[in-house]
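# Structural overview for review
These are the residues of each chain, in order.
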Amino acid sequence: QVQLVESGGGLVQPGGSLRLSCAASGFTFSNYAMSWYRQAPGKERELVARITNAGGMTNYADSVKGRFTISRDNAKNTVYLQMNSLKPEDTAVYYCHAGWWQYNIWGQGTQVTVSS
């Protein structure tokens, strides 16, 4: 069964940190570029960070540069998002995405809430 399962979300105070994980199964993980997207209430889903299939290149939304780090472990079929210096505006549902040619796979999302 092809799936992505996110974990690690939760409630954190401003300035805090969280690490999201996304475990992949049912497909050849190392073929796929992996991304994290997020969607806040009333807003469109936006790209947060992307990493190439071998992990050699990454890119980030301007709003998270210097605070978030995407990484992957192809031996564990897992992609991570380390989020530091969190702000209330980072509050959203975070989705894992796998992309390769015309193939797109989405996770179910994990809620991140930044609030005091």
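The structure reproduced in this document is the subject of the present report. What you are looking at is a predicted structure, and each value in this text was computed from that prediction instead of being measured.

## Details of the environment of S115
By secondary structure assignment, the location of S115 is in the segment after strand 11 (110–114). Owing to a relative accessible area of 38%, S115 belongs among the partly exposed residues under this scheme. For the pair S115 and M83, spaced 32 residues apart in sequence, the C-alpha to C-alpha distance is 15 Å. Those residues in contact with S115 that lie beyond four places of it in its chain are L11, V12, Q13 and P14.

## So, a nonpolar patch on the surface
Together, W100, W101 and Y103 give the surface a local cluster of nonpolar side chains, amounting to about 410 Å² of exposed area. With respect to the helices and strands, W101 occurs in the loop between strand 9 (92–100) and strand 10 (103–106). You can call W101 exposed: its relative accessible area is 74%.

## With respect to the state of the cysteines
Going through the model one piece at a time under the given rule, you end up with one disulfide. Covalently, C22 is tied to C96 through a disulfide, its sulfur atoms 2.1 Å apart. Classification of the bridge connecting C22 and C96 rests on its S-S torsion, roughly -85°, and on that basis the disulfide is left-handed. Of this pair, C22 sits in strand 3 (residues 18–25) while C96 sits in strand 9, and the two are 74 residues apart along the sequence. Note on accessibility: C22 and C96 belong to one class, buried.

## Remarks on the pairing of strand 7 (residues 68–73)
Residues F68, I70 and R72 of strand 7 are buried on one face, while the alternating residues T69, S71 and D73, pointing to the opposite face, are not. If you look at the hairpin formed by strand 7 and strand 8 (residues 78–83), you'll find four residues sitting between the two strands, and N77 has a positive phi there, around 55°.

## A word on the pairing of strand 9
The buried fraction of strand 9 amounts to seven of the nine residues, a majority that puts the element mostly inside the structure. Here seven bridges tie strand 4 (residues 33–39) to strand 9, and the two strands are oriented antiparallel to one another. Following the sheet pairing, Q39 is matched in strand 9 by V93. With three bridges joining them, strand 9 and strand 11 adopt antiparallel strand pairing. Across the sheet, the residue bridging to Y94 is T110, located in strand 11. Bridging between strand 9 and strand 10 involves four bridges; their strand directions are antiparallel. Residue pairing across strands places W100 opposite Y103, the latter belonging to strand 10. Joining the antiparallel neighbours strand 9 and strand 10 is a turn of two residues, in which W101 adopts a positive phi near 50°.

Calculation criteria
Residues numbered from 1 in each chain as written. Predicted model: local features only at pLDDT ≥ 70, side-chain atom pairs only at ≥ 80, totals over all residues. Heavy atoms only, no water. Helix = DSSP H or I, 4+ residues; strand = E, 2+ residues; numbered from the N terminus. Buried < 20%, exposed > 50% of the residue type's maximum accessible area, 1.4 Å probe, protein only. Contact = heavy atoms within 4.5 Å. Patch = residues over 30% accessible without salt bridge, like charges linked within 9 Å, V, L, I, M, F, W, Y side chains within 5 Å. Areas by Shrake-Rupley, 256 points an atom, 1.4 Å probe, with all protein chains shown as cover. Salt bridge = Lys/Arg side-chain N within 4 Å of Asp/Glu carboxyl O. Disulfide = S-S within 2.5 Å. Pairing = 2+ DSSP bridges.

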